[in-house]
Each structure stands twice: as structure tokens, then as C-alpha cells.
Amino acid sequence: MPMSFRSWPRTIVMLCAGFMATHGAWAADDALWEQIKEGGYVLLIRHAATPLTKAPTPTSRGGCVHERDLSDAGQMLARKLGVVFREHGVPVARVVSSPGCPSVETAQIAFGRAEPWTDLDPAVDRHTRLSRSVNALVNGTAQTGNLVVVTDKLAISDLTDRTLSAGDVLVLKRSGEQLDIQGLLTAAP
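As a starting point, this report considers the structure included with it. (Residues numbered from 1 in each chain as written. Predicted model: local features only at pLDDT ≥ 70, side-chain atom pairs only at ≥ 80, totals over all residues. Heavy atoms only, no water.)

### A word on the sheet that holds strand S5 (residues 169–175)
- Across the sheet, which stays open at both edges, the six strands sit in the order S3-S2-S4-S1-S5-S6 with mixed pairing between neighbours. Either end of the sheet is taken by a strand with one partner, and the two such strands are strand S3 (115–116) and strand S6 (178–185).
- Taken together, the two bridges between strand S2 (residues 92–97) and S3 define a ladder with parallel strand orientation. Directly across from Val 96, in S3, lies its bridge partner Glu 115.
- Set on the sheet, helix H3 (residues 101–111) makes contact with strand S1 (42–46), S2 and strand S4 (146–151); between it and S2 the angle comes to about 155°. (Pairing = 2+ DSSP bridges. Helix = DSSP H or I, 4+ residues; strand = E, 2+ residues; numbered from the N terminus. Contact = heavy atoms within 4.5 Å. Axes fitted to C-alpha atoms, helices over the stretch in contact; angles between N-to-C directions.)

Take a look at the structure:
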């Protein structure tokens, strides 16, 4: 069915609004990428995608807690994440990951390394324990680069009350003992 003359202005306005919103997001992303080039940030990354299965499967890749390996799409996303970081010239001082295979594998593919990260500090609740653990990691990281933490959806949610998609990067800046959210970056297409 052809579009009526009356609907054209509405369509043009909607297209322009969509373009402006997308362009504004790109500009905000560019500013945030520039900001993290200075170093001193915590870059909290949700591991890349795994196969959609309910039960963990034995892994063929060593050095991690037996869970699911990354899917082919997850491996591609992890590679893209590393490329995007290099293209933007983001200094990475340290890369830590949760012990689960998806986190370890994402860190190793994207950054070529992964230190084991365990949040074993006994605390009243998981949020407090994770906050203390991340603050200890920040204390042990040079301020000339950024601390990259690759972990799972639950740890990110417990720490920040945010839910991220696979491969998303939540940019945090420490203020005293608190982590303030600076913005969200994504390597996904």
C-alpha cells in the first residue's frame, strides 16, 4: 500500500529523530572512549556469548572452571572487543577475570591474558564483597592504564545493579571506596 502524502512528514521526522539519537550515541561513545584513554578506570565487561544450553558442558579449554565454552559468535565478539580497544588506543594495565570459562576465554581472546579473580573476601553480602574485591584490584593496578574485569552477568548485577549484554563494557571510576558509573560501551554490531 503506498504511503499517503500526510504520512511523509511524520516518516521524515521519525527518520531524522532516529538518526539524531544514533549520532548522539556515537558522539557520547567517542567521548567516553577518549576519556578512558587517560587511564585510571575500571572497565567491567560481561563475557561474550555462550551456547544457549541449560546445563554446563565439560570444556575442552584449560585453565578455567568447567562451564560452557564461548560460542562461535562469542569468540568473534571477544576478538572484536580486543580490536576496538586497540583501535581506540585504550591503555590496559591489568586484565582479571572470574574463574568461569566464558570470562577467562573472553579475556584471553580480547586481551591476550587473564589473571584469576576470586571474590573470597568474607563480607556481609555479595555486593559488599565484590566492591571490596574490585577496590583491592584497583589499589593493585597502575593508574597509567585501566583495570579490565571480565565477569558474568550476576557479578555485574550484584556490583552495579545493572544488567549488561554479552561484550558490553561498563566504565567505572572510583570515588573513595565507591565505584561511579561513567557510561556504557559496546563492541557488538
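### Description of the side chain of Thr 151
- Within the element layout of this structure, Thr 151 appears in strand S4.
- Thr 151 sits in the buried class, given a relative accessible area of 1%.
- Within the local environment of Thr 151, its side chain forms a polar contact with the side chain of Ser 98, the two groups lying 2.4 Å apart.
- Once you skip the residues sitting within four places of it in the chain, Thr 151 turns out to touch Leu 44, Ile 45, Arg 46, His 47, Ser 98, Ser 103, Trp 117 and Ile 156. (Buried < 20%, exposed > 50% of the residue type's maximum accessible area, 1.4 Å probe, protein only. Polar contact = N/O pair within 3.5 Å; in protein donor to acceptor, adjacent residues only side chain to side chain.)

### Digging into the pattern of salt bridges
- If you walk through the whole model with that rule in mind, you get two salt bridges.
- Ionic pairing is found between Glu 34 and Lys 37, a salt bridge with its closest N-O pair at 3.0 Å.
- A salt bridge links Arg 94 to Glu 115; the nearest nitrogen and oxygen atoms lie 3.0 Å apart. In this pair, Arg 94 sits in strand S2 while Glu 115 sits in strand S3, placing the two residues 21 residues apart along the sequence.
- For Arg 94, a relative accessible area of 18% corresponds to the buried category.
- For Glu 115, a relative accessible area of 31% corresponds to the partly exposed category. (Salt bridge = Lys/Arg side-chain N within 4 Å of Asp/Glu carboxyl O.)

### Observations concerning the packing of aromatic side chains
- The final tally for this structure, using the stated rule, is two aromatic pairs.
- Ring centres of Trp 33 and Phe 85 lie 5.5 Å apart, and the angle between their planes is 90°; this geometry places the pair in the edge-to-face category. Of the two residues, Trp 33 is situated in helix H1 (residues 7–36) and Phe 85 in helix H2 (residues 72–87); the sequence distance between them amounts to 52 residues. Neither residue differs from the other here; Trp 33 and Phe 85 are each classed as buried.
- When the ring of Phe 85 is compared with that of Phe 111, the centres are 5.1 Å apart and the planes differ by 85°; the resulting orientation is edge-to-face. Of this pair, Phe 85 sits in helix H2 while Phe 111 sits in helix H3; the two residues are 26 residues apart in sequence, bridging distant segments of the chain. When sorted by exposure, Phe 85 lands in the same class as Phe 111, which is buried.
- Through pairs of rings, three or more aromatic residues link up here, namely Trp 33, Phe 85 and Phe 111.
- Looking at Lys 173, its charged tip hangs above the ring of Tyr 41, at a distance of 4.3 Å from the centre. (Phe/Tyr/Trp six-rings, centres within 6.5 Å; stacked < 30°, edge-to-face > 60°. Lys NZ or Arg CZ within 6 Å of the ring centre and 35° of its normal.)

### A look at H2
- A rise of 1.5 Å per residue sets the reference length of H2, with its 16 residues, at 22 Å; its end C-alpha atoms lie 23 Å apart and thus fit the reference within 8%.
- Buried within H2 are the following residues: Gly 74, Gln 75, Leu 77, Ala 78, Leu 81, Gly 82, Val 84 and Phe 85.
- Of the residues flanking the end of H2, it is Gly 89, one or two places downstream, whose phi is positive at about 65°. (Expected span 1.5 Å × (residues − 1).)

### With respect to the nonpolar core
- In this structure, Ile 36, Leu 43, Ile 45, Phe 85, Val 148, Val 169 and Val 171 are the most contacted members of the largest nonpolar core, which totals 19 residues.
- In this structure, Ile 45 is in contact with Leu 81, Phe 85, Phe 111, Val 148, Val 149, Val 150, Thr 151, Ile 156, Gly 167, Asp 168 and Val 169, ignoring residues within four places of it in sequence. (Core = buried A, V, L, I, M, F, W, Y, C linked by side-chain atoms within 4.5 Å.)

### Observations concerning H3
- Among the eleven residues in H3, nine count as buried, and that is most of the element.
- Within H3, burial applies to Cys 101, Pro 102, Ser 103, Val 104, Glu 105, Thr 106, Ala 107, Ala 110 and Phe 111.
- The first or second residue beyond H3 is Gly 112, which carries a positive phi of 80°.

### With respect to the pairing of S1
- Within S1, five of the five residues are buried, which leaves it mostly tucked inside the rest of the structure.
- Going residue by residue along S1, you find Val 42, Leu 44 and Arg 46 tucked away on one face and Leu 43 and Ile 45 tucked away on the opposite face as well.
- Note: S1 against S4, five bridges, orientation parallel. When the bridges of S4 are listed, Ile 45 appears paired with Val 150.
- Direction of pairing for S1 relative to S5: antiparallel, over a ladder of four bridges. Bridging across to S5, Leu 43 finds its partner in Val 171.

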